[in-house]
Amino acid sequence: MGTMKRMMLAIPILGVMALAFLLLALAPAASSAPIGTAAAGKAFWDAQWCSRCHGANAEGAYGPDLAGRGLSFQHVARAVHQPWGVMPAYTTQQVSDQTVADLVAYFNSLPAASEPGPWRTTVPAGAPLGQRLLIETAGCGQCHGDVLGNPRRSAGGEGADFAWFEELVYHHTQEFPTGRMGNFSKARLTEDTLLAIWNWMTQDVGLRVPVTAAVNAAAAADGNVNYTLTVQNTGKAGKGLAAGNLYFSMVVPAGSTVVGASTSRSTLVSASGSSSTLPAAAGYQGVQATADGSNVASWLAPVVGPQEKVTFTITVRGNGAAGGSQAFVRWLSPTRSASPGVDGEYIQTGLVRP
Ligand code: HEC
Ligand code: HEC
């Protein structure tokens, strides 16, 4: 058979195939893509954390630019639910078809980006491998910062192991079905890579302790005011890490003096093995003047274990008694070696008035 004849046969076949492709491409768009609005897409974009990787205006950053590219419903739906690279996959509960349609309308309402924006989190100079991996390779750093502060804190409170970590990375939406983080794929972010990240978190910088602090102010009899600082280690009983070597202070309002101080410690839920005790008065250090001329009442404690709650109260009297107080809580262990030169961690509360 001559070349000419084969071509004559091939052309009609190609024509039919092209038509079939065209129909396949058009049919789902016509039947299943909801009508989206740019305003709803923008509202989702501004509330969710896609922007942490793709830029505030979808101009691109860690992830590619999406603005003004004429992306289709199918393309975006596929990218969100079955990403082809390292991007985490989002479920239809997190990103519905309607949301995809809204996002498409929003992206296509924006001007195309001339160049991508900067990464939110970049690799610090001299970063060890585990830290490089979590920022560059996996993209965790775009949402969690360069030292994975929150996951390290949650893991410390759980007394977590690698299995816990893997579950929350690969099957994240089982624990957080409507969360802002999707499910990472083992094929793209391998267990070896994740283990290197975990080793860095637990061995190089170490896990953190979930400590909370809050001040409460209440007017008492005779114009006195009670300021109470409540500090809790919210980690899991018997499992979470303890905070050690703690210092607590509360501002004594200007124009007032401390007429009473007390301390109490309780366990949030009954926990076996919670043995640390803080004798009522032993931890109280009295009132000291600070460098800026204000006075603080302070306490020390060796340890606050998981599910322990410690409260410190000062009763103040004087014209300025209602002026408000705020607290500072610091614990030296575990040391957060992620920040060289910074020992331990601290919390500072806002000013609270009765
Ligand atoms: C951890 C960073 C990260 C987050 C968070 C993220 N993406 Fe992505 N996205 C990427 C990367 C990287 C790619 C490139 C392909 C890949 O890696 O899967 C991508 C690809 C895409 C694409 C395909 C773009 C193209 O050029 O084909 C779309 C669409 C998209 N993402 C939308 C979203 C939406 C919507 C969200 C939020 C629900 C989101 N992304 C969250 C990093 C991210
Ligand atoms: C799109 C932003 C985003 C990215 C990217 C991301 N996370 Fe998250 N992550 C979150 C948010 C937000 C939560 C809180 C639960 C939720 O909303 O899903 C969370 C929760 C977690 C938790 C559960 C413990 C906790 O702190 O609540 C772990 C562990 C975790 N992330 C680890 C990682 C790791 C490891 C990576 C990279 C492989 C990563 N995350 C990437 C946003 C992100």
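How each quantity is defined
Residues numbered from 1 in each chain as written. Chains lettered and ligands numbered in written order. Predicted model: local features only at pLDDT ≥ 70, side-chain atom pairs only at ≥ 80, totals over all residues. Heavy atoms only, no water. Helix = DSSP H or I, 4+ residues; strand = E, 2+ residues; numbered from the N terminus. Buried < 20%, exposed > 50% of the residue type's maximum accessible area, 1.4 Å probe, protein only. Areas by Shrake-Rupley, 256 points an atom, 1.4 Å probe, with all protein chains shown as cover. Expected span 1.5 Å × (residues − 1). Contact = heavy atoms within 4.5 Å. Near = heavy atom within 4 Å. Polar contact = N/O pair within 3.5 Å; in protein donor to acceptor, adjacent residues only side chain to side chain. Salt bridge = Lys/Arg side-chain N within 4 Å of Asp/Glu carboxyl O. Pairing = 2+ DSSP bridges. Axes fitted to C-alpha atoms, helices over the stretch in contact; angles between N-to-C directions. Donors = N, O, S within 2.8 Å, 3.2 Å for Na, K, Ca; no water. Tetrahedral: all angles 85-135°; square planar, octahedral: opposite > 155°, others 65-115°. Parallel < 35°, antiparallel > 145°, perpendicular 65-115°, else oblique. Left-handed = near helix turned anticlockwise from the far one by under 90°. Nonpolar A, V, L, I, M, F, W, Y, C, P; charged D, E, K, R; others polar. Phe/Tyr/Trp six-rings, centres within 6.5 Å; stacked < 30°, edge-to-face > 60°. Lys NZ or Arg CZ within 6 Å of the ring centre and 35° of its normal.

Caption draft 1: Region of the structure containing the overall build of the protein. Check the secondary structure of the protein and you find eleven helices and nine strands. For the protein, the residues scored as buried account for 40% of the 354 residues in total. Working note: accessible area of the protein is about 18,200 Å², and carbon and sulfur atoms make up 58% of it.

Caption draft 2: View of helix 11 (residues 191-205). Here helix 11 contains 15 residues, and its C-alpha end-to-end distance of 20 Å stays within 8% of the 21 Å for a straight helix at 1.5 Å per residue. Residues of helix 11 that are buried include every one of T193, L194, I197, W198, W200, M201 and V205, and no others. Looking at the buried residues of helix 11, the elements they touch are helix 6 (129-137), helix 8 (149-158) and helix 9 (162-170). Just beyond helix 11, the residue with positive phi is G206, at close to 85°.

Caption draft 3: Quick look at the site of ligand 2. Close contacts around ligand 2 come from 21 residues, with C140, C143, H144, H172 and M181 the closest. With respect to ligand 2, the backbone of R180 contributes an N or O atom lying 2.9 Å from an oxygen atom. M181 places a main-chain nitrogen or oxygen 3.3 Å from an oxygen atom of ligand 2. Listing elements by their share of the shell around ligand 2, those giving two or more residues are helix 7 (140-144), helix 8 and helix 9. By residue number, the principal contributor to the shell around ligand 2 is helix 9, which donates four residues.

Caption draft 4: Expanded view of the pattern of salt bridges. All told, the structure shown has five salt bridges when counted by the stated rule. With a closest N to O distance of 2.9 Å, K42 and D46 form a salt bridge. Within this pair, K42 and its partner D46 are both found in helix 2 (residues 38-47), separated by four residues, close to a single helical turn. Salt-bridge contacts for E345 lead to R208; the nearest nitrogen and oxygen are separated by 2.6 Å. Of this pair, E345 sits in strand 9 (residues 345-348) while R208 sits in the loop between helix 11 and strand 1 (211-219), and the two are 137 residues apart along the sequence. For the pair E345 and R208, one class covers both residues: buried.

Caption draft 5: Structural context of the sheet that holds strand 3 (residues 243-252). Ordered in space as 5-6-3-8-9, the five strands form an open sheet in which the pairing is antiparallel. Two strands lie at the open edges of the sheet, namely strand 5 (284-289) and strand 9, each paired on one side alone. Going across the sheet, the axis of each strand differs from the next one's by a mean of 20°, ignoring polarity. Pairing analysis gives four bridges linking strand 8 (residues 327-333) to strand 9, with the strands arranged antiparallel.

Caption draft 6: Broad picture of the coordination of the iron atom of ligand 1. Looking at the iron atom of ligand 1, the protein donor atoms are H54 (NE2) and M87 (SD), and they sit 2.0 to 2.1 Å from it. Given six donor atoms and angles of 87 to 178° at the metal, the environment of the iron atom of ligand 1 is assigned as octahedral. Placement of the pair is H54 in helix 3 (residues 51-54) and M87 in the loop between helix 4 (73-81) and helix 5 (97-109), with a sequence separation of 33 residues. Given the relative accessible area of 29%, M87 is considered partly exposed.

Caption draft 7: Representation of the site of ligand 1 within the structure. Surveying the vicinity of ligand 1 reveals 22 residues, the closest of which are C50, C53, H54, H75 and M87. Contacts to ligand 1 include V86, whose backbone N or O atom sits 2.9 Å from an oxygen atom. Within the backbone of M87, an N or O atom sits 3.5 Å from an oxygen atom of ligand 1. Among the secondary structure elements, those contributing two or more residues to the shell around ligand 1 are helix 3 and helix 4. No other element matches helix 4, which puts four residues into the shell around ligand 1.

Caption draft 8: How the structure looks around the packing of helix 4 against helix 5. Orientation of helix 4 relative to helix 5, taken along the N-to-C sense of each, is 120°, at an axis distance of 9 Å. As judged from the angle between their axes, helix 4 and helix 5 are oblique. Of the two elements, helix 4 crosses helix 5, and the hand of that crossing is right-handed. Only D97, V100, A101, V104 and F107 of helix 5 make contact with helix 4, whose side of the interface consists of F73, V76, A77 and H81. Within the contact of helix 4 with helix 5, the residues separate by chemical class into seven nonpolar, one polar and one charged.

Caption draft 9: Spotlight on the pairing of strand 5. Bridge count between strand 5 and strand 6 (residues 295-304): five bridges; the pairing is antiparallel. If you follow V287 over to strand 6, its bridge partner there is A297. Counted between consecutive antiparallel strands, the loop separating strand 5 from strand 6 contains five residues, among which G293 sits at a positive phi close to 90°.

Caption draft 10: Structural view of the packing of aromatic side chains. Inspection of every chain in the model, using the stated rule, returns ten aromatic pairs. Residues Y284 and W299 carry aromatic rings whose centres are separated by 5.3 Å and whose planes lie at 45° to one another, so their mutual orientation is tilted. Note that Y284 is positioned in strand 5 and W299 in strand 6, a separation of 15 residues in sequence. By relative accessible area, Y284 is classed as partly exposed at 26%. Linked through ring pairs, F248, Y284, W299 and F312 together constitute an aromatic cluster. It is R52 that lies over the ring of W49; its NZ or CZ is 3.7 Å from the centre.

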